[in-house]
Amino acid sequence: MLELYSEDKNGYNRIAKQLTREGWAFRDRWNNPRLFNSEDVRRCIANWREYSGIITDGKARNRAAYEDEQQDEILYDTGRAMFDLDLLRKVARVQAQRSMVIRP
């Protein structure tokens, strides 16, 4: 999922459909497998900081990528990263590029 997103070719919905076609399943909070949806992909992408081993306050959805375009520079080797830091940097850059301010 992170690799697909880092290529900056598809949105959340297309990534979810591709993962479903390939036979991947998402496990909900009760550990029940189900098909991916775009919201699952969004949540996983928004948690790239936690995947690097950096713990932050609050929910990922409350951290707007457009507020800091250089957010990929906060990544450092904590020794607890779940994914390659270069991949997470790419994900952070794509998220910052796609992020925008929407005001009523």
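These numbers were taken from a predicted model, which means no experiment stands behind them.

> What is the right way to read the overall build of the protein chain from this model?
On a plain count of helices and strands, the protein chain comes out with five helices and two strands. Counting from the amino terminus, helix and strand elements in the protein chain follow one another as α-α-β-β-α-α-α. Looking at the protein chain as a whole, 36% of its 104 residues qualify as buried. As displayed, the protein chain has an accessible area near 7300 Å², and 47% of this comes from carbon and sulfur atoms.

> How should I be thinking about helix 3 (residues 38-46) in this particular structure?
Residue pairs three or four apart in sequence face the same way in an α-helix, which turns once every 3.6 residues. The set of residues buried in helix 3 consists of D40, V41, C44, I45 and A46. Looking at the packing, one finds that the buried side of helix 3 touches helix 1 (2-6), helix 2 (12-21), strand 1 (26-27), strand 2 (33-34), helix 4 (48-51) and helix 5 (85-98). The residue sitting at the N-terminus of helix 3 and contributing the capping side-chain oxygen is N37; that oxygen lies 3.0 Å from the backbone nitrogen of E39.

> Please explain unusual backbone geometry as it appears in this structure.
Peptide bonds are trans in most cases, and residues, glycine excluded, mostly fall at negative phi. For D8, which is not a glycine, the phi torsion comes out positive at approximately 55°. Mapped onto the elements, D8 comes out in the loop between helix 1 and helix 2. Residue classification places D8 among the partly exposed residues on the basis of a relative accessible area of 35%. The phi dihedral of N31 is positive, around 70°, even though this residue is not glycine. Take N31: it is sitting in the loop between strand 1 and strand 2.

> Please clarify how the nonpolar core should be interpreted in this entry.
The tendency in soluble globular proteins is for nonpolar side chains to be buried as a group. In terms of nonpolar packing, the biggest core is built from 19 residues, with L2 and V91 touching the most fellow members. Looking at this core, the elements with two or more residues in it are helix 1, helix 2, helix 3, helix 4 and helix 5. The element that contributes the greatest number of residues to this core is helix 5, accounting for six residues.

> Hey, could you run me through the environment of L2 in this one?
The topology assignment puts L2 in helix 1. Take L2: its relative accessible area is 7%, and that puts it in the buried class. Remark: the alpha-carbon pair of L2 and K90, spanning 88 residues in sequence, is separated by 8.9 Å. When sequence neighbours within four positions are dropped, the list of residues in contact with L2 reads I45, Y51, F83, L87, L88 and V91.

> In this structure, what is going on with the environment of R27? I would like to understand it.
Tracing the sequence through the fold places R27 in strand 1. The partly exposed category is assigned to R27, whose relative accessible area is 49%. Distance from R27 to D40, taken between C-alpha atoms, is 9.7 Å for residues 13 residues apart in sequence. Those residues in contact with R27, other than ones at most four positions away along the chain, are N32 and P33. A polar atom in the side chain of R27 sits 2.8 Å from the backbone oxygen of N31.

The rules behind the values
Residues numbered from 1 in each chain as written. Predicted model: local features only at pLDDT ≥ 70, side-chain atom pairs only at ≥ 80, totals over all residues. Heavy atoms only, no water. Helix = DSSP H or I, 4+ residues; strand = E, 2+ residues; numbered from the N terminus. Buried < 20%, exposed > 50% of the residue type's maximum accessible area, 1.4 Å probe, protein only. Areas by Shrake-Rupley, 256 points an atom, 1.4 Å probe, with all protein chains shown as cover. Contact = heavy atoms within 4.5 Å. Polar contact = N/O pair within 3.5 Å; in protein donor to acceptor, adjacent residues only side chain to side chain. Core = buried A, V, L, I, M, F, W, Y, C linked by side-chain atoms within 4.5 Å.

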